[in-house]
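Now for the letters of each chain:
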Amino acid sequence: MSYLTIVTGLLGLISAFVFFYFLKFKASTKQTQRKDRIRWSKYIPYKNETPVGDSEKESDDAKFKDN
């Protein structure tokens, strides 16, 4: 096993540890409920919304009945 493999493995383990360590922190209400946050629904259509300009466009995908 070369030193490059060991260093790369250690770097991966440290990165995974740091990632999982920071998962336990949650954004505060002050951060999540601010007035000037980005409205992602303007750019990304969600479940019951249609994207702007695509209301007339037909898809080649199969049509399924909504229940």
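The structure this text deals with has already been given above.
Now for a look at the structure at hand. Every value quoted in this text rests on a predicted model; they were computed, and no experiment measured them. (Residues numbered from 1 in each chain as written. Predicted model: local features only at pLDDT ≥ 70, side-chain atom pairs only at ≥ 80, totals over all residues. Heavy atoms only, no water.)

### Describing a nonpolar patch on the surface
- On the surface, Met1, Tyr3, Ile6, Leu10, Leu13, Ile14, Phe17, Val18, Tyr21, Phe22 and Phe25 cluster together to form a nonpolar patch covering roughly 1,300 Å² of accessible area.
- Since its relative accessible area comes to 60%, Leu13 is described here as exposed. (Patch = residues over 30% accessible without salt bridge, like charges linked within 9 Å, V, L, I, M, F, W, Y side chains within 5 Å. Areas by Shrake-Rupley, 256 points an atom, 1.4 Å probe, with all protein chains shown as cover. Salt bridge = Lys/Arg side-chain N within 4 Å of Asp/Glu carboxyl O. Buried < 20%, exposed > 50% of the residue type's maximum accessible area, 1.4 Å probe, protein only.)

### What to know about the environment of Thr5
- Tracing the chain through its elements places Thr5 in helix 1 (residues 3-22).
- On the basis of relative accessibility, which here comes to 45%, the residue Thr5 falls in the partly exposed class. (Helix = DSSP H or I, 4+ residues; strand = E, 2+ residues; numbered from the N terminus.)

### Quick word on helix 1
- Between its first and last C-alpha, helix 1 extends 29 Å over 20 residues, near the 28 Å set by a 1.5 Å rise per residue.
- A small share of helix 1 lies buried, amounting to 0 of its 20 residues. (Expected span 1.5 Å × (residues − 1).)

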